[in-house]
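Letter by letter, the chains look like this.
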Amino acid sequence: MAARPAKQSFNEAIEAAVQAAITRALPALRRAIDSAVAARVHAKAPAAPRRIARRNVAVPRAGAITRWVADHRARRVPTFVIEATGLDTKKRIVARYGENAAFAKGKPLPHVKLAQAPAEPTKAERVVKARPPIVRKAGAPK
């Protein structure tokens, strides 16, 4: 340890010691800050694009739907059929135009199915009629 000058005050001695410590630590601090900044810049750099697994994504078809048949296999009603008929469900379209009605884009609509009169119940069909309720009273004669 070096001898201190006699006229140095207590505050000056503390200030000189802090200055010497900062001078020794400054290069190490600069290296640590530079490496932290470099690591953060490297982490934010755009990496090669990753392939993301896609599930249940509809693959676009080569062409638009131009013909649709309202049969038992049909799923969704195409937009051109909804616009032409004003009906939005397959059930309503089948009720009006009948099973297997074919719709083509740019062509007239198929003929409307004639309303059928309710048929007489056949032997296989069960006819159910409501019965009057059974009223039982405790003191009623049997």
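These lines cover the structure that appears in this document, whether it is placed above or below.

Reading guide: rules and limits
Residues numbered from 1 in each chain as written. Predicted model: local features only at pLDDT ≥ 70, side-chain atom pairs only at ≥ 80, totals over all residues. Heavy atoms only, no water. Buried < 20%, exposed > 50% of the residue type's maximum accessible area, 1.4 Å probe, protein only. Helix = DSSP H or I, 4+ residues; strand = E, 2+ residues; numbered from the N terminus. Arc of directions from axis to C-beta. Contact = heavy atoms within 4.5 Å. Core = buried A, V, L, I, M, F, W, Y, C linked by side-chain atoms within 4.5 Å. Phe/Tyr/Trp six-rings, centres within 6.5 Å; stacked < 30°, edge-to-face > 60°.

Structural notes on helix α3 (residues 90–97)
Here is step 1 of the chain: By the burial criterion, the buried members of α3 are Ile93, Val94 and Tyr97. Down the axis, α3 shows its buried residues gathered within 100 degrees of arc, on one side only. Residues of α3 that are exposed and point more than 90 degrees away from the buried face comprise Lys91 and Ala95.
Here is step 2 of the chain: Against β1 (67–69), α2 (79–85) and β2 (102–104) lie the buried residues of α3.
Here is step 3 of the chain: Note on α3: the residue one or two positions beyond its end, Gly98, has a positive phi of about 90 degrees.

Considering the nonpolar core
Here is step 1 of the chain: Trp68, Ala70, Ala74, Val77, Phe80, Val81, Leu87, Ile93, Val94, Tyr97, Ala101 and Phe103 together form the largest nonpolar core, which totals twelve residues.
Here is step 2 of the chain: Put simply, the parts of the chain that give this core at least two residues each are α2 and α3.
Here is step 3 of the chain: The contact partners of Ala70, leaving out residues within four places of it in the chain, are Ile93, Val94, Gly98, Glu99, Asn100 and Ala101.

A few points about the packing of aromatic side chains
Here is step 1 of the chain: The full count for this structure, using the stated rule, is two aromatic pairs.
Here is step 2 of the chain: Aromatic side chains Trp68 and Phe103 sit 5.9 Å apart centroid to centroid with 35 degrees between the ring planes, which places their arrangement in the tilted category. Of this pair, Trp68 sits in strand β1 while Phe103 sits in strand β2, and the two are 35 residues apart along the sequence. Pair check on accessibility: Trp68 and Phe103 agree, each one buried.
Here is step 3 of the chain: With a centroid separation of 5.3 Å and an interplanar angle of 85 degrees, the aromatic rings of Tyr97 and Phe103 are classed as edge-to-face.
Here is step 4 of the chain: On the accessibility criterion, Tyr97 (9% relative accessible area) is buried.
Here is step 5 of the chain: These aromatic residues form a ring-pair network of at least three members: Trp68, Tyr97 and Phe103.

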